[in-house]
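Overview (structure and organization)
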Amino acid sequence: MKKIGFLSFGHWSDTPHSATRSASDVLLQSIDLAVAAEELGADGAYFRVHHFAQQLASPFPLLAAVGARTRRIEIGTGVIDMRYENPFYMAEDAGSADLIAGGRLQLGISRGSPEQVIEGWRHFGYAPAPGESDADMGRRHAEVFMEILKGEGFAQPNPRPMFPNPPGPLRIEPHSAGLRNRIWWGSASDATAAWAAKMGMNLQSSTLKADESGEPFHVQQARQIRAYRAAWAEAGHQRAPRVSVSRSIFALTNDRDRAYFGRGDSSDQIGVIDNMRAVFGRSYAAEPDALIDQLRADEAIAEADTLLLTVPNQLGVEYNTHVIESILTHVAPALDWR
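This text gives an overview of the structure that appears in the document. (Residues numbered from 1 in each chain as written. Predicted model: local features only at pLDDT ≥ 70, side-chain atom pairs only at ≥ 80, totals over all residues. Heavy atoms only, no water.)

**Looking at the side chain of Thr-77**
Among the secondary structure elements, Thr-77 is positioned in strand S3 (residues 74-81). Ignoring sequence-local partners within four residues, the contact set of Thr-77 consists of Tyr-46, Phe-47, Val-49, Pro-59, Leu-63, Gln-106, Leu-107, Gly-108 and Gln-204. (Helix = DSSP H or I, 4+ residues; strand = E, 2+ residues; numbered from the N terminus. Contact = heavy atoms within 4.5 Å.)

**With respect to unusual backbone geometry**
Of note, the amide linkage connecting Gly-78 to Val-79 takes the cis form, showing an omega dihedral of 10°. The step from Glu-173 to Pro-174 runs through a cis peptide bond, and the omega angle for that step is 0°. With respect to the element layout, Pro-174 can be found in the loop between helix H5 (134-148) and strand S5 (183-186). Positive phi, normally seen in glycine, also occurs at Phe-52, with a value near 60°. Note that Phe-52 resides in the loop between strand S2 (44-47) and helix H2 (60-69). For Phe-52, a relative accessible area of 42% translates into the label partly exposed. Of note, the phi angle at Glu-119 is positive, near 45°, even though the residue is not glycine. Along the chain, the position of Glu-119 falls in the loop between strand S4 (105-110) and helix H4 (120-123). Taking relative accessible area as the criterion, Glu-119 reaches 36% and is therefore assigned partly exposed. (Buried < 20%, exposed > 50% of the residue type's maximum accessible area, 1.4 Å probe, protein only.)

**Focus on the environment of Ala-231**
Tracing the backbone shows Ala-231 in helix H7 (residues 217-235). Note on Ala-231: relative accessible area 15%, which makes it buried. Taking the C-alpha atoms as reference points, Ala-231 and Phe-261, separated by 30 residues in sequence, lie 38 Å from one another. Apart from the residues lying within four places of it in its own chain, the contact partners of Ala-231 are Ala-194 and Ala-197.

**Observations concerning helix H9 (residues 288-296)**
Among the residues of H9, Pro-288, Leu-291, Ile-292 and Leu-295 are the ones counted as buried. Looking straight down H9, one finds its buried side chains confined to an arc of 105°; they lie on one side. Among the exposed residues of H9, those oriented more than 90 degrees off its buried face are Asp-289 and Asp-293. Where the residues of H9 are buried, they touch strand S9 (249-251), strand S12 (284-286), helix H10 (299-303) and helix H11 (317-331). (Arc of directions from axis to C-beta.)

**Things to note about the sheet that holds strand S7 (residues 208-210)**
Two orientations exist for strands paired in a sheet by backbone hydrogen bonds: parallel and antiparallel. Pairing in this open sheet of three strands is antiparallel, and the strands run S7-S11-S10 from one edge to the other. Unpaired on one side and paired on the other, S7 and strand S10 (269-273) mark the two borders of the sheet. Averaged over all neighbouring strand pairs, the angle between strand axes comes to 35°, with direction disregarded. As defined by bridge partners, S10 adjoins strand S11 (residues 276-280) across five bridges and the pair is classed as antiparallel. Note that in S11 the partner of Gly-271 across the bridge is Ala-278. Strand contacts of H7: S7 and S11, with the helix running at about 70° to S7, the strand carrying the most contacts. (Pairing = 2+ DSSP bridges. Axes fitted to C-alpha atoms, helices over the stretch in contact; angles between N-to-C directions.)

**A few points about the sheet that holds strand S1 (residues 3-8)**
Ordered by their spatial adjacency, eight strands build a closed barrel running S1-S2-S3-S4-S5-S6-S8-S13, and the pairing between neighbours is parallel. Across the sheet, the mean angle separating the axes of adjacent strands is 25° when strand polarity is ignored. Both S4 and S5 contribute to a ladder of three bridges, which runs parallel. Bridged to Ile-109 within S5 is Trp-185.

**Comments concerning the pattern of salt bridges**
Under the definition given, this model contains 24 salt bridges. With a closest N to O distance of 3.7 Å, Asp-190 and Lys-209 form a salt bridge. You can see Asp-190 sitting in helix H6 (residues 190-199) and its partner Lys-209 sitting in strand S7, a full 19 residues away along the chain. Taking relative accessible area as the criterion, Asp-190 reaches 22% and is therefore assigned partly exposed. (Salt bridge = Lys/Arg side-chain N within 4 Å of Asp/Glu carboxyl O.)

**Considerations on the packing of aromatic side chains**
With the rule as written, the count across this model stands at nine aromatic pairs. With centroids separated by 6.0 Å and ring planes inclined at 75°, the aromatic side chains of Phe-52 and Phe-124 adopt a geometry described as edge-to-face. Residue Phe-52 is located in the loop between S2 and H2, and its partner Phe-124 is located in the loop between H4 and H5; the two are separated by 72 residues in the primary sequence. Judged by centre distance (5.2 Å) and plane angle (70°), the rings of Tyr-260 and Tyr-319 are edge-to-face. Of this pair, Tyr-260 sits in helix H8 (residues 255-261) while Tyr-319 sits in helix H11, placing them 59 residues apart in sequence. (Phe/Tyr/Trp six-rings, centres within 6.5 Å; stacked < 30°, edge-to-face > 60°.)

**What to know about the packing of H9 against H11**
It is the contact of H9 with H11, at a shortest axis distance of 10 Å, that shows an interaxial angle of 80°. It follows that H9 is roughly perpendicular to H11 by the angle criterion. Of the residues in H11, those touching H9 at Pro-288, Leu-291, Ile-292 and Leu-295 are Ile-327, His-330 and Val-331. Looking at the contact of H9 with H11, its residues break down into six nonpolar, one polar and no charged. (Parallel < 35°, antiparallel > 145°, perpendicular 65-115°, else oblique. Nonpolar A, V, L, I, M, F, W, Y, C, P; charged D, E, K, R; others polar.)

Here is the structure:
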């Protein structure tokens with residue numbers, strides 16, 4: 001059985017047609033949608049992180065709140081921009097949220113994506129080292145974060161501490177055992193997917209990637225996943241890796257679905273993002289039987305073990321619950337995903 005979850009970008013706007021008029025609306029509705037998704041039997045609730053935007057940003061308060069309101073569903077991000085992160089403080093936040101959730105965090109991280117502002121990470125106090133790009137800095141922060149999550153002591157204790165210390169160097173607390181194996185890298189290229197495998201991270205592949213061959217998006221993404229798994233095997237890790245892909249998928253089951261998404265066929269798009277030629281994957285919207293046939297032809301979905309459904313969060317909890325339920329009920333069983 002493969003896993004199906006949702007991915008919310010957490011948009012809000014103070015406009016008449018938005019069900020999320022404020023940051024408060026988005027945060028509270030995100031918790032409610034995770035609870036509803038768990039009740040439907042979905043496997044994951046994932047949230048995007050964007051700074052300087054009217055979208056979800058600092059993820060750990062939300063993850064902790066979802067963890068306290070749910071019992072089974074995986075809780076994750078897709079993705080945290082590591083250019084903005086202090087790996088030490090992040091390890092404390094992540095450990096706390098994971099313990100509250102009972103070990104259900106699945107943290108997607110990456111070197112980041114195009115931003116709302118110029119070099120936003122500088123406002124957070126970070127700058128690349130000499131000879132380093134901002135992407136290099138993000139990967140360096142990720143390497144430090146992964147090392148901290150091993151839970152090994154590294155800080156020399158004060159000889160006259162306020163509280164008694166265990167023997168030896170001290171580690172970041174609280175530590176959540178097993179979290180290191182639940183870190184995912186959001187990769188846009190075959191090379192960074194191989195790097196993630198070497199680092200022992202799971203793979204998140206989104207709805208865009210570097211156009212490295214001119215082939216359809218799903219074909220290139222499937223090849224990326226196979227390259228990742230080959231690099232994982234070469235690295236000699238003892239556990240099996242996980243791979244997720246994100247898709248915009250809508251089963252048209254009523255007039256409201258057709259009004260929102262029944263606009264005909266979608267196709268891959270080519271664009272330039274961060275000076276990189278990228279291919280953007282198509283959206284899927286059709287009657288359930290036609291949708292099943294379309295998804296069966298998606299090579300990357302077949303290669304992955306986790307599918308994240310990107311949801312239109314501004315349409316509200318009730319409608320997005322319907323979107324998720326329609327996929328779980330009418331589509332997933334035919335694809336052997338349940």
